[in-house]
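For reference, the chains in residue letters:
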Amino acid sequence: MRRTRAALIAVAVGVATLASACGGAGNAGGGDGTYKIGALLGLTGSYAALGEQSQKAINLYVEKINAAGGINGRKLEVVFADTTSSESEAVNQLRKLVTQDKVLAVVGPNSSGESIAVKPISLSLRTPVIALASSDSIITPADQAKYIFKHFPSTEDSLRAQLEYAKSQSWTKVAILAANNGYGQEPLRLLPKVINEYGLQLVASETFPPNATDMSAQLSSIARTQPDVLLVWAVNPANAIVAKNAKDIGFKAKLFHSPGGGTPLYVQTAKGSTEDTLVQGSKIAAPDQIEPSDRQYKVIQDFVSAYRSKYGSLPDQFASNGWDGMTLITAALEKAQVNPGNVQQARDKLRESLENNIKDFAGVNAIYSFNADWHGPRGIEGLAVLGVRDQKFTLVKAY
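Residues numbered from 1 in each chain as written. Predicted model: local features only at pLDDT ≥ 70, side-chain atom pairs only at ≥ 80, totals over all residues. Heavy atoms only, no water.

Engineer: How should the layout of surface pockets be read in this particular structure?
Structural biologist: To find leftover empty space, a probe the size of one water molecule is rolled over the atoms. In this structure, the largest pocket spans a volume of roughly 290 Å³. Taken together, 17 residues form the lining of the largest pocket, with Pro264, Ala285, Leu314, Lys392 and Phe393 sitting closest to its centre. Every element with two or more residues in the lining of the largest pocket is listed here: helix H9 (264-270) and strand E14 (392-398). Here the lining of the largest pocket gets three residues from one element, more than from any other, and that element is H9. Here the residues of the lining of the largest pocket are counted per class, giving nine nonpolar, four polar and four charged. Estimated volume of the second largest pocket: approximately 240 Å³. As for the second largest pocket, its lining consists of 14 residues, of which Ser46, Asn181, Pro210, Asn211 and Val235 are closest to the centre. Across the lining of the second largest pocket, the residue classes tally to 10 nonpolar, four polar and no charged. (1 Å grid on protein atoms, 1.4 Å probe; cavity = no way out; pocket = protein on both sides within 12 Å on 5 of 7 lines; lining within 4 Å. Points joined across faces, edges and corners; volume = space filled by probe spheres on them. Helix = DSSP H or I, 4+ residues; strand = E, 2+ residues; numbered from the N terminus. Nonpolar A, V, L, I, M, F, W, Y, C, P; charged D, E, K, R; others polar.)

Engineer: When you look at the pattern of salt bridges in this model, what are you seeing that I'm missing?
Structural biologist: Where charged atoms from two side chains of opposite charge come close, those side chains can pair. All chains considered together, the criterion is met by 13 salt bridges. Arg160 is paired through a salt bridge with Glu156; the nearest N and O atoms lie 2.8 Å apart. You can see Arg160 and its partner Glu156 sitting in helix H5 (residues 155-168), four residues apart, about one turn around the helix. On the accessibility criterion, Glu156 (17% relative accessible area) is buried. Among the charged side chains, a network of salt bridges with common partners joins Glu156, Arg160, Lys193 and Glu197. (Salt bridge = Lys/Arg side-chain N within 4 Å of Asp/Glu carboxyl O. Buried < 20%, exposed > 50% of the residue type's maximum accessible area, 1.4 Å probe, protein only.)

Engineer: What is the right way to look at the sheet that holds strand E1 (residues 35-41) in this model?
Structural biologist: Sheets are built from strands paired through backbone hydrogen bonds, the pairs being either parallel or antiparallel. The sheet built from five strands is open, its strands ordered E2-E1-E3-E4-E5 with parallel pairing. Lying at the two open borders of the sheet, with one neighbouring strand each, are strand E2 (76-82) and strand E5 (148-150). Strand-to-strand twist of the sheet, defined as the mean angle between neighbouring strand axes without regard to direction, takes the value 25 degrees. In terms of strand pairing, strand E3 (residues 105-107) meets strand E4 (residues 129-131) through two bridges, oriented parallel. Across the sheet, Val106 pairs through a bridge with Val129, a residue of E4. Sitting on the sheet, helix H2 (residues 48-67) is in contact with E1, E2 and E3, with an inclination near 165 degrees to E2. Docked against the sheet, helix H3 (residues 87-99) engages E1, E2, E3 and E4, running at close to 170 degrees with respect to E1. (Pairing = 2+ DSSP bridges. Axes fitted to C-alpha atoms, helices over the stretch in contact; angles between N-to-C directions. Contact = heavy atoms within 4.5 Å.)

Engineer: How do you make sense of the sheet that holds strand E8 (residues 229-233) when you look at a structure like this?
Structural biologist: The mixed open sheet is built from seven strands, whose spatial order is E7-E6-E8-E9-E10-E13-E14. A strand with exactly one partner marks an edge of an open sheet, and here the two such strands are strand E7 (201-208) and E14. Pairwise comparison of adjacent strand axes, ignoring direction, gives a mean angle of 30 degrees for this sheet. As paired strands, strand E6 (residues 173-179) and E7 are joined by seven bridges and run parallel to one another. The residue of E7 that forms the bridge with Leu177 is Glu206. Set on the sheet, H5 makes contact with E6, E8, strand E9 (254-257), strand E10 (278-282), strand E13 (383-389) and E14; between it and E8 the angle comes to about 160 degrees. Lying over the sheet, helix H8 (residues 238-249) contacts E6, E7, E8 and E9, oriented at roughly 180 degrees with respect to E9.

Engineer: How do you make sense of helix H12 (residues 343-357) when you look at a structure like this?
Structural biologist: One turn of an α-helix holds 3.6 residues; hence residues three or four places apart share an orientation. Taking 1.5 Å of rise per residue, 15 residues should cover 21 Å, and H12 covers 20 Å from first to last C-alpha, within 8% of that figure. Those residues of H12 that fall on the buried side of the exposure criterion are Val343, Ala346, Arg347, Asp348, Leu350, Arg351, Ser353, Leu354 and Glu355. Of the surrounding elements, those touching the buried residues of H12 are H3, E3, E4, E5 and helix H11 (317-336). (Expected span 1.5 Å × (residues − 1).)

Engineer: So what exactly am I meant to see when it comes to the nonpolar core here?
Structural biologist: Nonpolar side chains tend toward joint burial in soluble globular proteins. Counting residues in hydrophobic clusters, the biggest one holds 80 residues, and the most contacted among them are Ile58, Leu76, Leu230 and Leu333. Looking at which element gives the most residues to this core, the answer is H11, with nine residues. In contact with Ile58, other than residues within four places in its own chain, are Ala39, Leu41, Val78, Phe80, Val107, Gly322 and Met326. With 29 residues, the next largest nonpolar core counts Leu50, Tyr198, Leu383 and Tyr399 among its residues. (Core = buried A, V, L, I, M, F, W, Y, C linked by side-chain atoms within 4.5 Å.)

What follows is the structure, encoded as structure tokens:
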């Protein structure tokens, strides 16, 4: 498997753009027997910043694989669909990708809420989906998640990474501020249980609407409990707003953001307010600081090199989401020896290959091992604690 992974990633070295959208009604690969994959992303709406980055990485990945001859001698083809960052539209677009475009599998959606919404559809349509989101509810219970996987570490593992670091710093009083949506509700539910394992105290818990533009009231309420650290669970631009509000009111506790803040957009939007804050994110945010002995080192460096060559900038973890999703699918395709001429048989074989052949697989954002009971990565290996210094991410701790 390591040789397979290396071969797949090694082809990612050129530049070009692939944006195929030829959704024919024939077989799964159109008329030429290509492997047709759907990309279900929020390209407009509140998750557009995530979806656009994932789209760029998917285009790059597919072009590189095809330049090297494809998978099993077949080219990859990608069909993009915009969820508009809406759960209902995610369901509609998944149905279209499966029934009209005849894709073999789907990468996306970007958010936990959308991914949970499409879970029963993936099962009823018997089409494998790799969600680019973190909630454990995406892949539980297992009997309802037979056709859906997730590439991002679980909310509980991200919480553990935050709490482990907090304990190492002798921070004992913990508070949480979370968006009142699918992304924020799960850590609110899990934290009271997980925090007891670390001997820490939860002193405050506050929420805010996902589209809120000022969280000063919540921060002021939390400040009265005098926490050592505040766990912030949201996606940008909410993270930047929290950082700005915290600076404005003189909030003293350390801000420690979830992976939703692990993108340069957080630093750029909040400007100087992010200095000395923390993010539990991906090592991709500080690739030059990763040790060569790290299991993810080569995968990350290859991706960064290809992305910089193509786009002239450093990829963020949301770009990595799209890259890892496609890497997992192509690895499973290679192992399964899928014939795209029989659409449903190909989908079933691909699902089985994901479940049975993805073991100890180093990706950019995590180490992946799937099985029948759990369709996501486990543990905190592969995660990172990031800091912000001089408007840039630094690698504080690599797990």
